[in-house]
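Each chain, written out:
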Amino acid sequence: MKIFCYIVGAAIALTLLLGCGEAVKTGETATEIEAAKIEGRMAARRIITRQWTDSSALQREIERGRSLRAHYDSLGYKKSVETFDSTFVSTIRTVNPILGKFVEKL
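Residues numbered from 1 in each chain as written. Predicted model: local features only at pLDDT ≥ 70, side-chain atom pairs only at ≥ 80, totals over all residues. Heavy atoms only, no water.

1. Some thoughts on the environment of R45
Along the chain, the position of R45 falls in helix α2 (residues 30–48). Classification of R45 as partly exposed rests on a relative accessible area of 41%. In the structure, R45 is positioned 50 residues away from V95 in sequence and 9.4 Å away in space, judged by C-alpha atoms. (Helix = DSSP H or I, 4+ residues; strand = E, 2+ residues; numbered from the N terminus. Buried < 20%, exposed > 50% of the residue type's maximum accessible area, 1.4 Å probe, protein only.)

Right, here's the structure in full:
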């Protein structure tokens, strides 16, 4: 019984060590990618929940939303940047296709 406990404990420790090593290699974790997705969605919601009468104000808000991805870009997290961008644009495009095309052009 003791040997079985040691084997299970060693297997768990080895799994944890391998999991940590993978996060160090890639630099990005699934949590960071999911956080980028959530931030992209929240930035898009700030844009789609307002009525825009001034296109320059809309453009500034879009640029502000996209500037939030700079955090991931500065860390070199390419997957997080791609996730942020795709979620940002697809959320806007889903709610307002015309506005989505405008955002894609910027």
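On we go from here.
2. Describing the side chain of T91
Positionally, T91 belongs in helix α5 (residues 78–95). Excluding anything up to four places from it in sequence, T91 contacts R41, A44 and I48. (Contact = heavy atoms within 4.5 Å.)

3. Section: helix α3 (residues 55–67)
With 13 residues, α3 ought to run about 18 Å at 1.5 Å a step, and its terminal C-alpha atoms sit 18 Å apart, in line with that. Turning to α3, its buried residues number three or more, namely A57, L58, E61, I62, G65 and R66. On its buried face, α3 is in contact with α2, α4 (70–75), α5 and α6 (97–105). (Expected span 1.5 Å × (residues − 1).)

4. Describing the nonpolar core
In terms of nonpolar packing, the biggest core is built from 15 residues, with I47, I62, F88, I92, L99 and V103 touching the most fellow members. The set of elements that each furnish at least two residues to this core consists of α2, α3, α5 and α6. The dominant element in this core, judged by the number of residues it contributes, is α5, at 5 residues. Aside from chain neighbours lying at most four places away, what touches L99 is I47, I48, L58 and I92. (Core = buried A, V, L, I, M, F, W, Y, C linked by side-chain atoms within 4.5 Å.)

5. Observations regarding the environment of T31
Its place among the elements puts T31 in helix α2. Sequence-wise, T31 and S80 are 49 residues apart; in three dimensions their C-alpha atoms are separated by 9.9 Å.

6. Details of the packing of α2 against α5
For the pair α2 and α5, the least separation of the axes is 8 Å and the interaxial angle reads 30°. At the point where α2 passes α5, the crossing takes the right-handed sense. Side by side, α2 and α5 meet where E32, I33, A36, K37, E39, G40, R41, A43, A44, I47 and I48 of the first sit next to K79, S80, T83, F84, T87, F88, T91, I92 and V95 of the second. Residue classes in the contact of α2 with α5 are distributed as 10 nonpolar, 5 polar and 5 charged. (Axes fitted to C-alpha atoms, helices over the stretch in contact; angles between N-to-C directions. Left-handed = near helix turned anticlockwise from the far one by under 90°. Nonpolar A, V, L, I, M, F, W, Y, C, P; charged D, E, K, R; others polar.)

7. Remarks on the pattern of salt bridges
Using the criterion set out here, one finds 3 salt bridges in the structure. For R64, the salt bridge is made with E61, and the minimal N-O distance between the two is 3.1 Å. Residue R64 and its partner E61 are located together in helix α3, separated by 3 residues, close to a single helical turn. R93 serves as the salt-bridge partner of E104, at 3.0 Å between the closest nitrogen and oxygen. Residue E104 is found in helix α6, and its partner R93 is found in helix α5; the two are separated by 11 residues along the sequence. (Salt bridge = Lys/Arg side-chain N within 4 Å of Asp/Glu carboxyl O.)

8. Here's the deal with the side chain of T87
Position of T87 among the secondary structure elements: in helix α5. Separated by 2.8 Å, the side chain of T87 and the backbone oxygen of T83 make a polar contact. With near-sequence residues (within four places) excluded, T87 lies in contact with K37, G40 and R41. (Polar contact = N/O pair within 3.5 Å; in protein donor to acceptor, adjacent residues only side chain to side chain.)

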